[in-house]
Each structure stands twice: as C-alpha cells, then as structure tokens.
Amino acid sequence: MPELNGNNIKYGRLICLGLGITLGSQLTELARNQLVAADIVFFHSNTHYLAKFLQQINANLVDLQQFYQDGQPRSLSYQAMIDAVINAVQAGKNVVWACYGHPGVASWPPHETIRQLKILGYSAKMEAGIAADACLYADLGIDPIAEGCQQFEASQFLFYQRTLDVSGYVILWQVAIAGDFSLCNLNANSHYIAVLAQHLQRWYPAEHQVILYEAADLPIWQHRAETLPLSQLVQAKLNQITTLVIPPLQKKQINIQMLDLLGVPSEHALRQQ
C-alpha cells in the first residue's frame, strides 16, 4: 500500500520483524504472512540453516552478512545495511527485514532505518519477536519479577558507572566481546574478560557460581547452561551468543521505613518473598 505524505505518494514500505531464537518454532503467524507478502527479504545468515528456511517462505532474499568485513568497524557495516534496505524501500518495494530474535533488541540498525524512513515519508514499523531473554527465563527457570533482574550489555557495564543489586539476578549480554571499544572484534579477549571478572568481584566473591547461557538455535539442540565460579570466567569458552547470568548473592532486604509509610505489616512483606 502507498504511504501518503502531504501531496506526495510514497510507494514502498518496511517491516522489521523477529524470527525468534529457535529457528522455525518461534516464528509467529503474523511474521510468516509478512515474509510471504514481501517483495524482498533482508536477513542475516547467523546459521547456514536460516537461508534454507527462509527460501521455503520467500525466494527473494538478500543476505546482509556480506556487509561484514574482517577488521572493519561494525558501524560501517551497519551503515551499509541501512543504505541497502532504504534503497529497496525507495525503489517502491514492500520490504521485510527479518532479524534474529527480536528486531529491536541489541540491534541498532533496524531502529535507525525505521527512523530515517519515517523522516523521508515512508511507512516503516517494527513487529516484536521472541528474544534471547525470553528463552533464558524459560530454559533456566527464572522469573525476573520474583527476585528482580538487571540487564546490561557487557561492554557498557564496564564503560559506565553501574551499581549492582546483588539480591536480584544480573544478566550481561555479549559477554565475549566485553571491553571491545573498536567495534571490530567478534572473539573474546582474555585480558578484557579478566578485567570484567575482577570488576564483578567488587560485588561478588570469587567463588560465586555464575551461569554461561546460550539458547538453542534449532529445536533439536539443547541450550547451554554451564555453571562455574566467577573466578574461572577467563578460562571459559565464550561464543558470540554467550550470556553471563549471575544469580542472587543474598536475599532481598525489607525496607521497614517504607512499609511503615505504606501501612504494610512487615510480616505480610516477608510472606511475599
């Protein structure tokens, strides 16, 4: 459908949608229908299974993996992806950008592409998908509301002054590239990982048990949930999709003053723990 913009008619539109984490089983019916209807589908070949899967739904595919170059900052790769998608929309195409997991989580290019297209007067929107955190909660049996949960991208956790609440869960995403400021590296740097582990010991003892988590890409695979002491993090195998999960160190502490202010008996609050 054309997008009206004043007296101009803009043909071409973009939908950024999520494929989920586990291939096939987490694709929504809405997302599948949008893939079928697209003139062109952009995607990232994070596994060699993905192209074959999408080919069965829509044969008009463009793999954005081609824009990644060894040693090139990811910012340049991202800009090339954005330009390719925008050019397709400006050519009047009904474009779908199919993203791993959720299109808006840990993925700046879809957000930026939508922003730029809207400024240009085109229809552009995002559809939600199942992200890695949803898989993590299910696989590890964690309710993020019950104990509370803080989440940080691992490098941002190091670069900025963050304070951790050790009575809740802490999740660090993209832990393998923690500390990389170049946006070029995709592999773990042992020095950076050692710095991260040492930094975390401001809040946790070295023997505190942490979890290395990886969701399953295929329904026939098992997720990874490797438990180890924090002090052994630097020796662990860290992949691009590895997430560091830090369980609570201590129980939640009752805020007596707040309970008095709210008129809530402390006995009632203790029962909610």
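Below: a short report on this structure. (Residues numbered from 1 in each chain as written. Predicted model: local features only at pLDDT ≥ 70, side-chain atom pairs only at ≥ 80, totals over all residues. Heavy atoms only, no water.)

## Section: the packing of helix α3 (residues 74–90) against helix α4 (residues 108–120)
When two helices pack together, their arrangement is given by the angle between their axes and by how far apart the axes lie. In contact at an axis separation of 10 Å, α3 and α4 are set at 40° when each is read in the N-to-C sense. Taken together, the axes of α3 and α4 lie oblique to each other. α4 is crossed by α3, and the crossing has right-handed handedness. Where α3 approaches α4, its residues Y78, I82, V85, I86, V89 and Q90 are matched on the opposing element by W108, P109, E112, T113, Q116, L117 and L120. Of the residues contributing to the contact of α3 with α4, the split by class is 9 nonpolar, 3 polar and 1 charged. (Axes fitted to C-alpha atoms, helices over the stretch in contact; angles between N-to-C directions. Helix = DSSP H or I, 4+ residues; strand = E, 2+ residues; numbered from the N terminus. Parallel < 35°, antiparallel > 145°, perpendicular 65-115°, else oblique. Left-handed = near helix turned anticlockwise from the far one by under 90°. Contact = heavy atoms within 4.5 Å. Nonpolar A, V, L, I, M, F, W, Y, C, P; charged D, E, K, R; others polar.)

## Digging into the nonpolar core
L172, L200 and L244 are the most contacted members of the largest nonpolar core, which has 25 residues in total. Ignoring sequence-local partners within four residues, the contact set of L244 consists of V170, I171, L172, V175, L200, V210, I211, L212 and L233. Core analysis: the next-biggest nonpolar cluster, separate from the first, contains 19 residues, L14, C16, I40 and A88 among them. (Core = buried A, V, L, I, M, F, W, Y, C linked by side-chain atoms within 4.5 Å. Buried < 20%, exposed > 50% of the residue type's maximum accessible area, 1.4 Å probe, protein only.)

## Quick notes on the pattern of salt bridges
The tally for this structure, following the rule as stated, stands at 5 salt bridges. For E147, the salt bridge goes to K252, with nearest N and O atoms at 3.2 Å. Residue E147 is found in helix α6 (residues 144–147), and its partner K252 is found in the loop between β12 (243–246) and α9 (256–262); the two are separated by 105 residues along the sequence. Looking at K252, the relative accessible area reads 27%, which means it is partly exposed. Residue R224 pairs with E226 through a salt bridge whose shortest N-O separation is 2.5 Å. Owing to a relative accessible area of 16%, R224 belongs among the buried residues under this scheme. Since its relative accessible area comes to 34%, E226 is described here as partly exposed. One continuous salt-bridge network, built from bridges that share partners, spans E214, R224 and E226. (Salt bridge = Lys/Arg side-chain N within 4 Å of Asp/Glu carboxyl O.)

## With respect to helix α8 (residues 190–200)
A turn of α-helix holds 3.6 residues, and therefore any two residues three or four places apart point the same way. Residues I193, L196, A197, H199 and L200 constitute the buried set of α8. Buried residues of α8, viewed axially, fall in a sector of 160°; they line one side. Turned more than 90 degrees off the buried face of α8, the exposed positions are H191 and Q198. Residues of α8 that are buried in the fold lie against α7 (154–159), β9 (169–173) and β12. For α8, the N-terminal capping position is held by N189, with its side-chain oxygen 2.9 Å away from the main-chain nitrogen of H191. (Arc of directions from axis to C-beta. Polar contact = N/O pair within 3.5 Å; in protein donor to acceptor, adjacent residues only side chain to side chain.)

## Some points on the packing of aromatic side chains
The tally for this structure, following the rule as stated, stands at 5 aromatic pairs. Considering the side-chain rings of F152 and F157, the 5.8 Å spacing of their centres and the 35° angle between planes classify their relative orientation as tilted. Residue F157 is classed as buried on the basis of its relative accessible area, which comes to 0%. Taken together, Y68, Y78 and W108 form an aromatic cluster joined through their ring pairs. (Phe/Tyr/Trp six-rings, centres within 6.5 Å; stacked < 30°, edge-to-face > 60°.)

## Observations concerning unusual backbone geometry
Residues other than glycine seldom take positive phi values, yet A106 does so here, at roughly 55°. You can call A106 exposed: its relative accessible area is 70%. Positive phi values are uncommon outside glycine, yet Q174 reaches one of about 55°. Inspection of the secondary structure puts Q174 in the loop between β9 and α8.

## Re the side chain of R224
Considering the arrangement of structural elements, one finds R224 in strand β11 (residues 224–229). A polar atom in the side chain of R224 sits 2.8 Å from the side chain of E214. Sequence-distant contacts of R224, defined by excluding residues within four places in its chain, comprise L212, Y213, E214, K237, N239 and T242.

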